[in-house]
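Residues per chain, in single letters:
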Amino acid sequence: MSAMRKEDKNLVLIGFMGSGKTSVGLRLSYRLRRPVEDTDKLIERREGCAVSEIFARKGEEYFRQQETALLKTLAERKQRCIYSVGGGTPVRRENRQLLKSLGTVVYLRVRPETVYERLKEDSARPLLQCEDPFARIQELLRDRREAYESCADMIIDGDGMDTDAVAAEIIDRM
(Lines give C-alpha, C1' and ligand atoms only; values in the text may rest on other atoms or scores of the structure.)
Protein backbone atom coordinates (compact mmCIF):
# COMPACT_ATOMS: atom_id res chain seq x y z
CA MET A 1 0.00 0.00 0.00
CA SER A 2 1.47 3.34 -1.00
CA ALA A 3 1.58 6.39 1.23
CA MET A 4 -1.29 8.84 0.78
CA ARG A 5 -0.30 11.85 -1.30
CA LYS A 6 -1.11 15.30 0.11
CA GLU A 7 -3.60 16.01 -2.67
CA ASP A 8 -5.49 12.83 -1.67
CA LYS A 9 -5.95 13.93 1.94
CA ASN A 10 -8.64 16.07 3.45
CA LEU A 11 -7.85 19.74 3.91
CA VAL A 12 -8.60 21.14 7.36
CA LEU A 13 -8.82 24.92 7.76
CA ILE A 14 -8.12 26.29 11.22
CA GLY A 15 -7.76 29.82 12.52
CA PHE A 16 -9.39 32.48 14.61
CA MET A 17 -12.95 33.61 13.95
CA GLY A 18 -12.94 36.01 11.03
CA SER A 19 -9.75 34.55 9.53
CA GLY A 20 -11.59 33.53 6.37
CA LYS A 21 -11.99 29.78 6.93
CA THR A 22 -15.54 29.63 5.54
CA SER A 23 -14.84 31.83 2.50
CA VAL A 24 -11.55 30.11 1.68
CA GLY A 25 -13.17 26.71 2.17
CA LEU A 26 -15.86 27.56 -0.37
CA ARG A 27 -13.27 28.85 -2.87
CA LEU A 28 -11.13 25.71 -2.41
CA SER A 29 -14.22 23.53 -2.83
CA TYR A 30 -14.89 25.14 -6.19
CA ARG A 31 -11.26 24.97 -7.37
CA LEU A 32 -10.48 21.45 -6.11
CA ARG A 33 -13.95 20.02 -6.78
CA ARG A 34 -14.30 18.66 -3.27
CA PRO A 35 -17.15 19.07 -0.81
CA VAL A 36 -16.65 21.57 2.01
CA GLU A 37 -18.11 21.20 5.49
CA ASP A 38 -18.18 23.74 8.30
CA THR A 39 -18.05 21.97 11.66
CA ASP A 40 -19.96 24.79 13.41
CA LYS A 41 -22.79 24.36 10.87
CA LEU A 42 -22.78 20.57 11.36
CA ILE A 43 -23.11 21.06 15.14
CA GLU A 44 -25.85 23.68 14.66
CA ARG A 45 -27.81 21.25 12.49
CA ARG A 46 -27.44 18.45 15.00
CA GLU A 47 -28.35 20.68 17.96
CA GLY A 48 -31.14 22.53 16.14
CA CYS A 49 -29.86 26.00 17.08
CA ALA A 50 -27.05 28.49 16.47
CA VAL A 51 -23.64 28.26 18.15
CA SER A 52 -24.47 31.42 20.13
CA GLU A 53 -27.60 29.71 21.49
CA ILE A 54 -25.64 26.57 22.40
CA PHE A 55 -23.15 28.74 24.32
CA ALA A 56 -26.01 30.59 26.07
CA ARG A 57 -28.08 27.50 26.93
CA LYS A 58 -25.50 24.80 27.57
CA GLY A 59 -22.17 26.61 27.93
CA GLU A 60 -18.85 26.65 26.11
CA GLU A 61 -17.65 23.36 27.62
CA TYR A 62 -20.68 21.50 26.22
CA PHE A 63 -20.03 23.02 22.79
CA ARG A 64 -16.33 22.01 22.94
CA GLN A 65 -17.39 18.43 23.78
CA GLN A 66 -19.62 18.43 20.70
CA GLU A 67 -16.67 19.59 18.55
CA THR A 68 -14.50 16.72 19.80
CA ALA A 69 -17.26 14.15 19.21
CA LEU A 70 -17.80 15.49 15.69
CA LEU A 71 -14.07 15.35 14.85
CA LYS A 72 -14.00 11.69 15.93
CA THR A 73 -16.91 10.98 13.57
CA LEU A 74 -15.33 12.88 10.68
CA ALA A 75 -12.02 11.01 11.17
CA GLU A 76 -13.84 7.76 10.32
CA ARG A 77 -15.09 9.06 6.95
CA LYS A 78 -13.35 7.96 3.78
CA GLN A 79 -14.09 10.89 1.45
CA ARG A 80 -11.76 13.68 0.36
CA CYS A 81 -13.23 16.81 1.87
CA ILE A 82 -12.41 20.33 3.01
CA TYR A 83 -13.27 21.01 6.64
CA SER A 84 -13.57 24.47 8.13
CA VAL A 85 -13.48 24.17 11.92
CA GLY A 86 -14.48 26.56 14.67
CA GLY A 87 -11.87 29.01 15.92
CA GLY A 88 -11.60 27.35 19.34
CA THR A 89 -11.46 23.76 18.11
CA PRO A 90 -7.63 23.41 18.27
CA VAL A 91 -7.49 24.68 21.86
CA ARG A 92 -8.25 21.20 23.19
CA ARG A 93 -5.11 19.06 22.99
CA GLU A 94 -7.21 16.02 22.02
CA ASN A 95 -8.65 17.98 19.09
CA ARG A 96 -5.19 18.85 17.75
CA GLN A 97 -4.44 15.15 17.29
CA LEU A 98 -7.85 14.57 15.71
CA LEU A 99 -7.36 17.51 13.31
CA LYS A 100 -3.98 16.15 12.21
CA SER A 101 -5.51 12.70 11.67
CA LEU A 102 -8.23 14.28 9.50
CA GLY A 103 -5.78 15.59 6.89
CA THR A 104 -3.51 18.48 5.98
CA VAL A 105 -4.09 21.25 8.53
CA VAL A 106 -3.90 24.81 7.19
CA TYR A 107 -3.74 27.66 9.72
CA LEU A 108 -5.14 30.91 8.32
CA ARG A 109 -3.26 33.43 10.47
CA VAL A 110 -4.51 37.02 10.76
CA ARG A 111 -3.72 40.03 12.93
CA PRO A 112 -6.14 41.21 15.65
CA GLU A 113 -6.84 44.39 13.65
CA THR A 114 -7.99 42.31 10.67
CA VAL A 115 -10.33 40.23 12.84
CA TYR A 116 -11.76 43.33 14.49
CA GLU A 117 -12.45 45.04 11.15
CA ARG A 118 -14.16 41.93 9.78
CA LEU A 119 -16.27 41.18 12.87
CA LYS A 120 -17.00 44.50 14.59
CA GLU A 121 -20.63 44.47 13.36
CA ASP A 122 -21.17 40.72 13.91
CA SER A 123 -23.38 40.09 16.95
CA ALA A 124 -23.44 36.30 16.44
CA ARG A 125 -19.99 35.70 17.98
CA PRO A 126 -20.57 34.79 21.64
CA LEU A 127 -16.93 35.24 22.68
CA LEU A 128 -16.94 38.86 21.42
CA GLN A 129 -20.06 40.01 23.25
CA CYS A 130 -18.13 42.05 25.79
CA GLU A 131 -17.19 45.64 26.63
CA ASP A 132 -13.91 45.68 24.68
CA PRO A 133 -14.06 43.21 21.75
CA PHE A 134 -10.67 44.30 20.35
CA ALA A 135 -8.91 43.54 23.65
CA ARG A 136 -10.74 40.20 23.79
CA ILE A 137 -9.58 39.36 20.23
CA GLN A 138 -5.97 40.18 21.18
CA GLU A 139 -6.21 38.04 24.33
CA LEU A 140 -7.77 35.04 22.57
CA LEU A 141 -5.31 35.18 19.67
CA ARG A 142 -2.40 35.30 22.11
CA ASP A 143 -3.83 32.39 24.13
CA ARG A 144 -4.53 30.25 21.04
CA ARG A 145 -1.40 30.94 18.98
CA GLU A 146 0.56 27.92 20.22
CA ALA A 147 -2.42 25.59 19.74
CA TYR A 148 -2.94 26.76 16.17
CA GLU A 149 0.73 26.60 15.23
CA SER A 150 1.39 23.23 16.88
CA CYS A 151 -1.13 21.36 14.75
CA ALA A 152 -0.65 23.24 11.47
CA ASP A 153 1.03 21.59 8.51
CA MET A 154 0.91 24.91 6.67
CA ILE A 155 0.55 28.52 7.90
CA ILE A 156 -0.89 31.13 5.56
CA ASP A 157 -0.73 34.80 6.55
CA GLY A 158 -4.06 36.08 5.25
CA ASP A 159 -3.76 39.77 6.12
CA GLY A 160 -4.23 41.88 3.01
CA MET A 161 -5.01 38.86 0.82
CA ASP A 162 -8.36 38.20 -0.79
CA THR A 163 -10.04 34.79 -0.74
CA ASP A 164 -8.79 33.82 -4.20
CA ALA A 165 -5.19 34.64 -3.31
CA VAL A 166 -5.34 32.61 -0.08
CA ALA A 167 -6.90 29.63 -1.90
CA ALA A 168 -4.27 29.87 -4.66
CA GLU A 169 -1.43 29.88 -2.12
CA ILE A 170 -2.84 26.80 -0.37
CA ILE A 171 -3.16 24.96 -3.70
CA ASP A 172 0.37 25.99 -4.73
CA ARG A 173 1.83 24.79 -1.43
CA MET A 174 0.01 21.45 -1.58
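Residue positions within a chain follow its written sequence, with the count starting from 1. Local features in this predicted model are restricted to residues of pLDDT 70 or higher, and side-chain atom pairs are both shown and tallied only at a pLDDT of 80 or more, whereas totals for entire chains, interfaces and linings draw on every residue. Only hydrogens and water are set aside when side-chain values are computed; all heavy atoms of the structure are taken into account.

Draft legend 1. Up close: the overall build of the protein chain. Put simply, DSSP H or I for four residues or longer makes a helix, DSSP E for two residues or longer makes a strand, and each gets a number counted from the N terminus. Across its full length, the protein chain carries eight helices and five strands. When the helices and strands of the protein chain are listed from N to C terminus, the series reads β-α-β-α-α-α-β-α-β-α-α-β-α. What the globule rule says is 2.2 Å times the number of residues to the power 0.38, and the radius of gyration is computed from C-alpha atoms. By the compact-globule yardstick of 16 Å for 174 residues, the protein chain fits well, its C-alpha radius of gyration being 16 Å. The principal-axis extent of the C-alpha atoms belonging to the protein chain is close to 55 × 35 × 30 Å.

Draft legend 2. Region of interest: the pairing of strand β4 (residues 103-109). When accessible area is computed with a 1.4 Å probe and restricted to protein chains, residues below 20% of their type maximum are described as buried, those above 50% as exposed, and intermediate ones as partly exposed. In terms of burial, β4 is a largely internal element, six of the seven residues being buried. A strand pair is defined by DSSP finding two or more bridges across the two strands. Of the strand pairs in this sheet, strand β1 (residues 10-14) and β4 are connected by five bridges, and their pairing is parallel. Considered in β4, the bridge of N10 is made with G103. Bridge analysis of β4 against strand β5 (residues 154-157) gives four bridges, and the strand direction is parallel. What sits directly across from L108, in β5, is I156.

Draft legend 3. Broad picture of the sheet that holds β4. Pairing is parallel across the open sheet formed by five strands, whose spatial order is β2-β3-β1-β4-β5. Because the sheet does not close on itself, it has two edges, and the strands there are β2 (36-38) and β5. Sheet twist, expressed as the mean angle between neighbouring strand axes with direction ignored, is 20 degrees. Each of β2 and β3 (82-84) touches helix α2 (residues 39-47); the most contacted strand, β2, lies at about 65 degrees to it. A fitted line through C-alpha atoms represents every axis, and for helices the fit uses only the stretch in contact; the resulting angles, taken between N-to-C directions, go from 0 to 180 degrees. Contact definition: two residues touch when any of their heavy atoms are within 4.5 Å.

Draft legend 4. Main features of the nonpolar core. Within the largest apolar cluster, 32 residues are counted, with the highest numbers of intra-cluster contacts made by V12, I14, F16, L99 and V115. Put simply, the parts of the chain that give this core at least two residues each are β1, α2, α3 (51-58), α4 (60-75), α5 (93-102), β4, α6 (112-119) and α7 (133-151). Sorting elements by how many residues they give to this core places α7 first, with five residues. Not counting chain neighbours up to four residues away, the residues in contact with V12 comprise Y83, V85, L99, L102, G103, T104, V105 and V106. Nonpolar core, defined: a set of buried Ala, Val, Leu, Ile, Met, Phe, Trp, Tyr and Cys residues in which side-chain atoms within 4.5 Å join the residues together. Core analysis: the second largest hydrophobic core is formed by 12 residues, L11, V166, A167 and I170 among them.

Draft legend 5. Structural context of unusual backbone geometry. Phi at R33 is positive, roughly 55 degrees, even though this residue is not glycine. With respect to the secondary-structure elements, R33 resides in the loop between α1 (21-32) and β2.

Draft legend 6. Here's a closer look at the side chain of T89. Structurally, T89 is set in the loop between β3 and α5. A distance of 3.0 Å separates the side chain of T89 from the backbone oxygen of G86, its partner in a polar contact. Two N or O atoms form a polar contact when they lie within 3.5 Å of each other; inside protein one atom must be a possible hydrogen donor and the other a possible acceptor, and for residues adjacent in sequence the pair counts only when both atoms belong to side chains.

Draft legend 7. Focus on the environment of A135. Topologically, A135 is positioned in helix α7. With 45 residues separating them along the chain, A135 and P90 place their C-alpha atoms 21 Å apart.

Draft legend 8. Examining the pattern of salt bridges more closely. Salt bridges are defined by distance alone: a side-chain nitrogen of Lys or Arg within 4 Å of a carboxyl oxygen of Asp or Glu. Taken as a whole, this structure holds 18 salt bridges when the rule is applied. K72 is paired through a salt bridge with E94; the nearest N and O atoms lie 3.1 Å apart. Within this pair, whereas K72 is found in helix α4, its partner E94 is found in helix α5, the two being separated by 22 residues in sequence. On the basis of relative accessibility, which here comes to 39%, the residue E94 falls in the partly exposed class. Note that D159 is salt-bridged to R111, the shortest N-O span being 3.6 Å. Pair noted here: D159 is in the loop between β5 and α8 (163-173) and R111 is in the loop between β4 and α6, with a separation of 48 residues, a long-range link. Here the residues in one salt-bridge network are R109, R145, E149 and D157, joined through shared partners.

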